[in-house]
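# Coordinate inspection notes
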Amino acid sequence: MAEPESADSGSGAVGAAGAESTLPRGAVVGPFSGPRAAWGEHLERAAALHGAVNWELYDDRGEAETARQIAEAVVAEGRHTLVIGHFNSAGARAALPVYRAGGLPVLLPLATTPDLLADSAGTVLRWCPDDRAQATDLLTAVGAAGHTRIAVTHDGTAYGEGLARLVRDAWHVAASGPRSGLPAGPVVSDGSGPATGAVPGVGPLASGAGGVRPPAPVPDIVPEPGADAAALAALVVCGTHGGAARVGREWREAGFGGELYFTDDCAVDEFSELLGDANRGAARVARMRGGPETHVMAAFDAATRALTEDPERTGRILLAAVRAHADRAFTATGEPVEGSVGWDFVPVPVPSRAPSQAGGHRGRAYDVIVVGAGVVGAATAAVLARQGARVALVAPMDGRRDHATAWSGGLVRAFEPDPYLRGLALRSHQLAWGPAALVPGPYGFVPTGSLVLCGDPDLEQAEKGVAELNGAGVPAELLAPGALRERFPGLAVDGVTAAVWEPEGGYADPPRTARVYRDRALAHGARLLPARVRELVAPPGADRVRVLLEPGGPVEALAVVLAAGSGTGAIAGHRLSGSDAGRTKSIRYGFFHHPDTAGLPTVVDMVTGVWGRPQVTGEAAGGYMAGRPVDEWDVPAGGDDTLTDEHVAYIRQGAAARWPWLADPATRFLGGRQGVDLYTPHSLPHLGRERSDSRIVLATGWSGAGFKTAPAAAELAASEAMDILSGA
């Protein structure tokens, strides 16, 4: 297997991470999967072409609640200076108050709902025309075509119904002009098809308000809703492109032979395929003047110029710079000035292939979905994204820290008594933890030296391990109890046969490390998808995996990497669902201060099970971390940064056998943490495909050893996923 560039090893990876971190950072939010993904492609292409800014992509799937969650997470992280996107107007409406409160300027190149900026307080620029203008321009187009009888219908969605009402209102405005005696206008259907969409006839062609010419009547009486669709000359269909295509097909099947007019969501390449044979005869679609891509590119261009001109700009000052670089003028509220944007009505192209299934497209699938954004999941996504896969990193963005990485002690070494884990740890040392990673480097690595204390049963593997580490260029030696007493007087060595000493061992910052890998994934085009996964649906022989999310609908991928840690068993639809994943177990440790901790290294004790390390920075700086195994199983995922008096006493009592100063009443407790990890019966991880023919790759069940082995585990999991993509 060729070594992936995205392994993030050596100074090259650190240099790349450093270069990425110097770029201005912006968030791009849009539907990159699901039924609206065709619109997200505009945002993806623009972000890729404007590489002077580190654009990070967040997949809201066109769902308002997901959009709000993303906005809250983006503001809480405080890493971005500007947001572009929110194609879905309902999502934009939910997210804009969050951005406004956080002082983040927003550019909306595709959200068209009227009055969206009413409460934006000058923090938003809209680059596209709105739907009120679309309705007016649509009636102008219908009138100019000479149609005398029309119907308005929608696809049954709230979005489609709202558009249909705007068309009706525009008719009323037009009809209230010089010929105020015109009838009220079209009947808006409920989206159930031609039985409810008929429209009464209206008076002679006349110019109404704003110069709009409402469609002229014919002498014949036009049936009420439910009449023959063949009597109509034109049909306006409002809704999403999948729903509108369905409605168009239904009306054609009912005998409607007139001209179809579709609203702007249908201005995507796949719409003609969805419409299929219903495109026979005349069919037109509303499209932003110049095409939606033009508006998206213009927004990215102005934002990129403003951000690179002065990366220190933020808030209103940054938005003023964006205005200065824009190719159009805006009102004080951020709307494009009248006449600078508008709508065209262009023919729907003839489909190049047969229509998709009746429900519309399943939505664009990802190459790989990585479930879990702890260090293993984030590192796997980074490897895959850098290798060019289209990746989504799926994890909740609700502020809950319920993955093991958030509570890990971050111990790092290359030696493990188990040969398989030792191979992963040694490879991870080469990829990330060795001297080439620098200190503190991107991971906050602190070299303290590492001791693994061994009893008689561990001696054989200790000797083999020292030889393997030295053979791989990782300094290690086997120390006798006497040497341990001499070097580390604060450490008791009762029951210790020997110890593996690694001078390059130490600890790193687990949450920081996960963020670094996540940032690398995003910098190479991965998308963040905020949700919890409740089920994986992968029938034998299927060409993709269907991932069921909460909140939101399903999303699909050619492969899935399951790196959900202690949440693995709660996800249905894979080999480890339920108790087969293993058992969750509590992990607990405290920080203590005593003079005898001076000079102590990181320690893992195979004899008593305790572990510890110095704490060089942070609130407990100058203290020493001590942990003791607890017999608490089948606990819910999560963690806490507080310990009870009973917890502290338990740690002191058990760990004092190795660190006698813990029994000294003068030893001060500085604080503690507790988390949860998934333990397997054999203490080895589930790493690889769940079955030889499966599209699900497992990377879970680390039994407390996941952090130091994460870089190598990610490399292996990504390799398995890439094999699935290549058909291997």
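Quick caveat: nothing in here was measured; it's all calculated off a predicted structure.

## Remarks on helix H9 (residues 292-309)
- Across its 18 residues, H9 extends 26 Å between first and last C-alpha, which sits within 8% of the 26 Å expected from 1.5 Å per residue.
- When H9 is considered as a whole, its buried residues turn out to be Pro-292, His-295, Val-296, Ala-298, Ala-299, Phe-300, Ala-302, Ala-303, Thr-304, Ala-306 and Leu-307.

## Observations concerning the pairing of strand E9 (residues 283-288)
- Relative to E9, strand E8 (residues 259-262) runs parallel, the two sharing three bridges. Looking across to E9, one finds that Tyr-261 is bridged to Arg-284.
- Sheet analysis places E9 next to strand E10 (residues 343-347), joined by five bridges and oriented antiparallel. Pairing of Ala-286 across the sheet is with Phe-345, part of E10.

## Quick word on unusual backbone geometry
- With a phi close to 55 degrees, Ala-121 is a non-glycine residue in the positive phi region.
- You can call Ala-121 partly exposed: its relative accessible area is 47%.
- One non-glycine residue, Ser-683, lies in positive phi territory at about 60 degrees.
- Counting through the fold element by element, Ser-683 comes out in the loop between strand E28 (668-679) and strand E29 (686-689).
- For Ser-683, a relative accessible area of 41% translates into the label partly exposed.

## Describing the sheet that holds strand E7 (residues 234-238)
- Strand order across the open sheet formed by five strands is E6-E7-E8-E9-E10, with mixed pairing between neighbours. Two strands close off the open sheet at either side, each with one partner strand: strand E6 (150-154) and E10. Within the sheet, the average angular offset between the axes of one strand and its neighbour, ignoring direction, is 25 degrees.
- Two elements, E6 and E7, share five bridges in a ladder whose sense is parallel. Opposite Thr-153, over in E7, you have Val-237 as the bridge partner.

## Regarding the sheet that holds strand E17 (residues 498-502)
- Read from one edge to the other, the open sheet built from nine strands follows the order E16-E17-E15-E24-E25-E26-E23-E28-E27, with strand pairing classed as mixed. Looking along the sheet, the strands with just one partner apiece sit at the ends: strand E16 (477-479) and strand E27 (639-640).
- Running at roughly 80 degrees to strand E23 (residues 583-593), helix H16 (residues 645-655) makes contact with E23, strand E26 (623-627) and E28 of the sheet.

## Structural notes on the packing of helix H12 (residues 419-433) against helix H13 (residues 459-471)
- The N-to-C vectors of H12 and H13 enclose an angle of 25 degrees; their axes lie 12 Å apart at closest approach. Taken together, the axis directions place H12 and H13 in an arrangement best described as roughly parallel. Taken as a pair, H12 and H13 cross one another with a handedness that is right-handed. For the pair formed by H12 and H13, the contact residues are Pro-419, Arg-422 and Leu-426 on the first element and Gln-461, Lys-464, Gly-465, Glu-468 and Leu-469 on the second.

## So, the confidence of the model for the chain
- On average, residues of the chain score 85 in pLDDT, and 85% of them are at 70 or above.
- Below pLDDT 50 for its whole length, residues 1-20 participates in 39 contacts with residues either more than four positions away or in separate chains.
- Overall, residues 178-226 carries pLDDT values under 50, and its contacts beyond four positions in sequence, including any with other chains, amount to 126 contacts.

## Remarks on the environment of Ala-483
- With respect to the helices and strands, the residue Ala-483 is situated in helix H14 (residues 481-487).
- Since its relative accessible area comes to 28%, Ala-483 is described here as partly exposed.
- Sequence separation between Ala-483 and Ala-499 is 16 residues; the distance between their C-alpha atoms is 9.6 Å.

## Examining the packing of helix H2 (residues 37-49) against H9
- Two numbers describe how H2 lies on H9: the axes approach to 9 Å, and their chain directions differ by 40 degrees. Remark: the crossing between H2 and H9 carries right-handed chirality. Across the interface between the two elements, Trp-39, His-42, Leu-43, Arg-45, Ala-46, Ala-47 and Leu-49 of H2 pack against Pro-292, Glu-293, Val-296, Met-297 and Phe-300 of H9.
- Of the residues in the contact of H2 with H9, the class split is nine nonpolar, one polar and two charged.

## Considering the packing of aromatic side chains
- As enumerated under the stated definition, the model contains 15 aromatic pairs in all.
- Arranged with centres 5.8 Å apart and planes meeting at 85 degrees, the rings of Tyr-624 and Trp-661 form a pair that is edge-to-face. Note that Tyr-624 is positioned in strand E26 and Trp-661 in the loop between H16 and E28, a separation of 37 residues in sequence.
- Its relative accessible area of 0% is what places Tyr-624 among the buried residues.
- Ring pairing ties together the aromatic residues Trp-433, Tyr-443, Tyr-517 and Phe-707, which thus form one cluster.
- Positioned over the ring face of Tyr-679 is Lys-585, at 5.1 Å from the centre of the ring.
- Above the plane of the ring of Tyr-507 lies Arg-613, whose end atom (NZ or CZ) is 3.8 Å from the centre.

What counts and what doesn't
Residues numbered from 1 in each chain as written. Predicted model: local features only at pLDDT ≥ 70, side-chain atom pairs only at ≥ 80, totals over all residues. Heavy atoms only, no water. Helix = DSSP H or I, 4+ residues; strand = E, 2+ residues; numbered from the N terminus. Expected span 1.5 Å × (residues − 1). Buried < 20%, exposed > 50% of the residue type's maximum accessible area, 1.4 Å probe, protein only. Pairing = 2+ DSSP bridges. Axes fitted to C-alpha atoms, helices over the stretch in contact; angles between N-to-C directions. Contact = heavy atoms within 4.5 Å. Parallel < 35°, antiparallel > 145°, perpendicular 65-115°, else oblique. Left-handed = near helix turned anticlockwise from the far one by under 90°. pLDDT = per-residue confidence, 0-100. Nonpolar A, V, L, I, M, F, W, Y, C, P; charged D, E, K, R; others polar. Phe/Tyr/Trp six-rings, centres within 6.5 Å; stacked < 30°, edge-to-face > 60°. Lys NZ or Arg CZ within 6 Å of the ring centre and 35° of its normal.

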